[in-house]
Amino acid sequence: MKRSLLTLIILVAACFAFAQRFDIEAFSDTTKYGWKDYSDRSLYRQDLLERQELLHIYEMEANSMWDAVIKSAVVPGWGQFTNKAPTKGSIFLASELALVGVSLYFYDRSLYYYDKYMNANQVEDIENYYNLALAPRQYSMLFLGSAALVWAYNIFDVIQVTGEHNARVWERLMEKHRSSRVNFTANGVEVRF
Amino acid sequence: MNLPKRANIIISMTKIRYLILLGILMLLGACEMNRLRSVEEHYEKGRYAAAIQETDDMILKTKNRALVTRAELVRSNSYHQLGLIAQERSTDLAIRFFKLANSPAADKDLAKIYKARLMDAALTDDYETQLEYISTILREMPASELVPEMMQRRINIYLDRLGDSEAAWQDYMDLFDGYEGNSHETVARKTIQRIVPNKIAYGKRLAEAKYYNDAFTVYFELAKYPVIASDEINEIIGNTYRAQAEDLLEAGNYSEAEIFLRIALQYVPHQRSQIEARMRGIVDIFIVQGDNYVKQRNYEQATQSYQRVFEIIPDYKPALDAIQRMHTAQDNIVRAAQLFAQAERAEASGKVADALSLYRQADALDSTQETRNRIAISQNTLEADRNPLAFAKKIVNEYRGGLLNTRINNRKQELQTRYKKNEIRDSGWKFLHSTSQYKYEVRYDLITPRETFLYVWQVNLKDRSIIPLNKISEDLMK
């Protein structure tokens, strides 16, 4: 409790120490984005408007983060496949299958000895089968935990992969837009010379 | 022992699930998309400064430039909103925010501020400040709805204050090109019509100085805009084309002149009769040119000249007639050559009378020096055959209007001044047959006691030539 209070006090003090006074002049400086005059502003605006037009195409071509996460949550690696990362997808899928398979194998072994333990009548057999059932169960849990970790990392990865994929989609659109001489814009046909 | 173990397993599984869920939430929290959502949330809740600062930060850290673009759009809107808020307190600050917003919507509000300041300057008659704001709006906000009004205002300032009619005209052209029919364009049209007479006068001066292309540039520029009646400007353009055509005619460039006359006709159709008469004048020149080539027997060039007529006036009858004449002349030449050849054969066989007749026919068809010479020789031959002596006398007597007789008489009279009459012996004309047929030797002797003049010539009956055979005869003929 004391430690928490101390931490809170330190945080508040740090906030005050690092807080900067709001400078309206700097905030409203029209050259802060590198626009020296109206021609610079015009160039930036033109660029932004062009990018805005491309956003519509981007929205259609970009992959949904949630879709990818759900896919990878259901089948590890599926989201990666969707986002054009088949190697990663394969590794995650294979790892997950292997870990779950091994976990199931040990779980089955554990159940086998557990049944024997349940049916045993002799004290020696009871102890022996119990011990034999315990080790596979622990292995099974260990592999299942590993599978869970891989699954979690798979989710983390699919978020990264989707972000990277979407970034690439945008770069590709921009590249295509810059290289094309004829563009169909909202204002009509634009030809670059 | 069994149940607690199973319960432990279930508890462990539940913990793992929570851990996984927590992990997912943390991962999603770190997602770039969430930064954009945060920016949008700031904007939606009216925390524009926060939205701007977070966007500026996001631009530096975010890989996905599509998200950055969306954030930049939000930032632009945030600045616009800040500008609208600031407008109530400080227009200077609002201007800065609108400039930072850098969007068409912000431009509209920025233009409104500029216009308000412009109107203030108008109240104090400060045209320089007005011009400054007008130019700023036109330069920085070319898509603003205020543009036509600003252009009209600037035209007024250029004309009424600065006297810069060329700049005013340039503005009017831009105004018309971009906003034809706009109420401000209509007003500006009436204003700009004041400078039209000067522009026309300038064009006329250029045309008079033979700078036709420059003059046409002025005229066509005027014709493009509704500042002058189309009939009036067409008349000026048509007349200028006619003037240029006349210059080309003077320079002998008939084809170009004809082209310009045709162009002129399009502008001044009511001058059709005069222009067509002028074009006929041009084609008549081509016909005369062709006739001259025919005389020089250059039929190829002649045909080209006649064909040029048809390029101007198809089936022009005088040109057709000229071509017919040329063909007849060509036929006559061929026929004359045949007759000439026949005449030569007749002459060679001694049929001089027939030859003369044929030569005359050939001469009638195609008169050449050669034919005329042959006719003369044939005539002489016939006359010489008839009475050679009489013909020889005739030749001598008629030689250069009786020159020989006159000069001999003069010599005789001169001798009579120095000698007595009986001392001078005059032989008179003596005609002696020469060695060759159709040639006679002609003598005339004047002998005194101290001087002797023995004149002697050879007369060729065929060609009527007289050749002196000694020095004093030659001197007498000079």
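Residues numbered from 1 in each chain as written. Chains lettered and ligands numbered in written order. Predicted model: local features only at pLDDT ≥ 70, side-chain atom pairs only at ≥ 80, totals over all residues. Heavy atoms only, no water.

Novice: Looking at this structure, how should I read the overall build of chain B?
Specialist: Looking only at helices and strands, one finds 22 helices and 5 strands in chain B. Sequence separation of 24 or more characterises 47% of the internal contacts of chain B that already satisfy a separation of 6 or more. Looking at chain B as shown, the accessible area adds up to about 25,900 Å², and 51% of this sits on carbon and sulfur atoms. (Helix = DSSP H or I, 4+ residues; strand = E, 2+ residues; numbered from the N terminus. Contact = heavy atoms within 4.5 Å. Areas by Shrake-Rupley, 256 points an atom, 1.4 Å probe, with all protein chains shown as cover.)

Novice: Would you mind showing me how to read the overall build of chain A here?
Specialist: Along chain A, the regular secondary structure elements total 7 helices and 2 strands. Scanning chain A from its N terminus toward the C terminus, one meets helices and strands in the order α-α-α-α-α-α-α-β-β. When the accessible surface of chain A is split by element, carbon and sulfur atoms take 62% of a total near 12,900 Å².

Novice: Sorry, what's going on with the interface of chain A and chain B here?
Specialist: Frequently, the measure chosen for interface size is the accessible area removed from exposure when the parts meet. Taken together, the contacts link 40 residues of chain A with 38 residues of chain B. Carbon and sulfur atoms supply 66% of the area that chain A and chain B bury against each other, a total of about 3,800 Å² over both sides. Among the residues of chain A in contact with chain B, F27, Y33 and R45 of chain A are the three that bury the most area, contributing 16% of the side total. Linking chain A with chain B are 5 salt bridges, by the criterion used here. Residues D107 of chain B and R45 of chain A are paired through a salt bridge, measuring 2.5 Å at the closest nitrogen-oxygen approach. Taken together, the links from chain A to chain B amount to 16 residue pairs in polar contact (both at pLDDT 80 or more). Listed by contribution, the elements that provide at least two residues to the side of chain A that touches chain B are α2 (24–27), α3 (38–61), α4 (65–74) and α7 (123–179) of chain A. Tallying contributions element by element places α7 of chain A first for the side of chain A that touches chain B, with 16 residues. When its residues are assigned to classes, the side of chain A that touches chain B shows 26 nonpolar, 5 polar and 9 charged. (Buried area = accessible area lost by both parts, 1.4 Å probe. Salt bridge = Lys/Arg side-chain N within 4 Å of Asp/Glu carboxyl O. Polar contact = N/O pair within 3.5 Å; in protein donor to acceptor, adjacent residues only side chain to side chain. Nonpolar A, V, L, I, M, F, W, Y, C, P; charged D, E, K, R; others polar.)

Novice: Mind showing me how you'd approach the pattern of salt bridges here?
Specialist: Should the charged atoms of two oppositely charged side chains come close, the side chains can pair. Residues and elements named next belong to chain B. The tally for this structure, following the rule as stated, stands at 42 salt bridges over all chains. The partner of E246 in a salt bridge is R278, and the shortest N-O contact between them spans 2.8 Å. Highlighted residues: E246 in helix α13 (residues 230–250) and R278 in helix α15 (residues 272–295), separated in sequence by 32 residues. The partly exposed category is assigned to E246, whose relative accessible area is 26%. A salt bridge links R325 to D291, with the nearest nitrogen and oxygen atoms 3.5 Å apart. Linking R325 in helix α17 (residues 317–348) with D291 in helix α15, this pair joins segments that are 34 residues apart in sequence. In this structure R325 comes out as partly exposed when scored by relative accessible area, which is 46%. Under the relative-accessibility criterion, D291 is labelled partly exposed at 23%. (Buried < 20%, exposed > 50% of the residue type's maximum accessible area, 1.4 Å probe, protein only.)

Novice: Would you take a moment to explain the packing of helix α7 (residues 127–140) of chain B against helix α8 (residues 147–162) of chain B for this structure?
Specialist: How two helices pack is summed up by the angle between their axes together with the distance between the axes. All names here are of chain B. In the contact formed by α7 and α8, the axes pass within 10 Å of each other and the chain directions differ by 145°. When you trace α7 past α8, the crossing you get is left-handed. Touching Y127, Q130, L131, I134, S135, I137 and L138 of α7 are V147, M150, M151, R153, R154, I157, R161 and L162, all from α8. Broken down by class, the residue content of the contact of α7 with α8 amounts to 10 nonpolar, 2 polar and 3 charged. (Axes fitted to C-alpha atoms, helices over the stretch in contact; angles between N-to-C directions. Left-handed = near helix turned anticlockwise from the far one by under 90°.)

Novice: Looking at this structure, how should I read the pairing of strand β5 (residues 465–468) of chain B?
Specialist: Moving residue by residue along a regular strand, the side chains alternate between the two faces of the sheet. Residues and elements named next belong to chain B. The pairing of strand β4 (residues 452–460) with β5 spans 4 bridges and is antiparallel. Note that in β5 the partner of Q458 across the bridge is I467. With antiparallel pairing between neighbouring strands as the criterion, β4 and β5 make up a hairpin whose turn holds 4 residues, including R464 at a positive phi of roughly 60°. (Pairing = 2+ DSSP bridges.)

Novice: What's the story with the packing of aromatic side chains in this structure? I'm lost.
Specialist: Two numbers describe a pair of aromatic rings. These are the distance of the centres and the angle of the planes. Inspection of the entire model under this criterion finds 33 aromatic pairs over all chains. A centroid spacing of 6.0 Å and a plane angle of 70° characterise the contact between F27 of chain A and F97 of chain B, whose relative ring orientation is edge-to-face. Taken together, the residues span two chains, with F27 of chain A in helix α2 and F97 of chain B in helix α5 (residues 91–101). Like F97 of chain B, F27 of chain A is buried. (Phe/Tyr/Trp six-rings, centres within 6.5 Å; stacked < 30°, edge-to-face > 60°.)

Novice: Mind showing me how you'd approach helix α4 (residues 65–87) of chain B here?
Specialist: Because an α-helix packs 3.6 residues into every turn, residues spaced three or four apart end up facing the same way. In this model, α4 of chain B (23 residues) spans 32 Å end to end at C-alpha, consistent with the 33 Å of a helix rising 1.5 Å per residue. The N-capping residue of α4 of chain B, defined by a side-chain oxygen 3.0 Å from the backbone nitrogen of A66 of chain B, is N64 of chain B. (Expected span 1.5 Å × (residues − 1).)

Novice: Can you walk me through α13 of chain B in this structure?
Specialist: Residue and element names in this part refer to chain B. Under the 1.5 Å per step criterion, the end-to-end length of α13 is 30 Å for 21 residues, consistent within 8% with the ideal 30 Å. For α13, the complete set of buried residues consists of I233, I236, I237, G238, T240, Y241, R242, Q244, A245, L248 and L249. Of the surrounding secondary structure, the elements contacted by the buried residues of α13 are α11 (196–208), α12 (212–224), α14 (254–267) and α15. In the stretch just after α13, G252 is the one whose phi turns positive, near 80°.

Novice: Any chance you could explain the side chain of E72 of chain B here in plain terms?
Specialist: Residue placement: E72 of chain B occurs in helix α4. Not counting residues up to four positions away in its chain, the partners in contact with E72 of chain B are Y44, L48 and R51 of chain A together with T55 and I59 of chain B.

Novice: Sorry if this is basic, but what is going on with unusual backbone geometry here?
Specialist: One can expect most non-glycine residues to show negative phi and most peptide bonds to be in trans. Residues and elements named next belong to chain B. The backbone of D125 sits at a positive phi, close to 60°, despite the residue not being glycine. Topologically, D125 is positioned in the loop between α6 (104–123) and α7. D125 sits in the partly exposed class, given a relative accessible area of 44%.

Novice: I would appreciate a short explanation of a nonpolar patch on the surface in the present structure.
Specialist: Residues and elements named next belong to chain A. Together, W66, I70, V74, V75, W78 and F81 make up a nonpolar patch on the protein surface, roughly 600 Å² of accessible area in all. Mapped onto the nonpolar patch, the elements with two or more residues apiece are α4 and α5 (78–82). Ranked by residues supplied to the nonpolar patch, first place goes to α4 with 3 residues. The topology assignment puts I70 in helix α4. (Patch = residues over 30% accessible without salt bridge, like charges linked within 9 Å, V, L, I, M, F, W, Y side chains within 5 Å.)

Novice: What should I look at first to understand the pairing of β4 of chain B in this one?
Specialist: All names here are of chain B. Where strand β3 (residues 439–447) meets β4, 9 bridges bridge the pair, whose relative direction is antiparallel. Residue pairing across strands places R443 opposite V456, the latter belonging to β4. Between β3 and β4, which pair antiparallel in sequence order, lie 4 residues.

Novice: I would appreciate a short explanation of the environment of N422 of chain B in the present structure.
Specialist: All names here are of chain B. By the secondary structure assignment, N422 is in the loop between α21 (403–418) and β1 (425–426). Residue N422 is classed as exposed on the basis of its relative accessible area of 67%. Separated by 26 residues in the primary sequence, N422 and T448 have C-alpha atoms spaced 9.2 Å apart.

Novice: Can you walk me through the environment of G163 of chain A in this structure?
Specialist: Topologically, G163 of chain A is positioned in helix α7. For the pair G163 of chain A and M65 of chain A, spaced 98 residues apart in sequence, the C-alpha separation works out to 7.7 Å.

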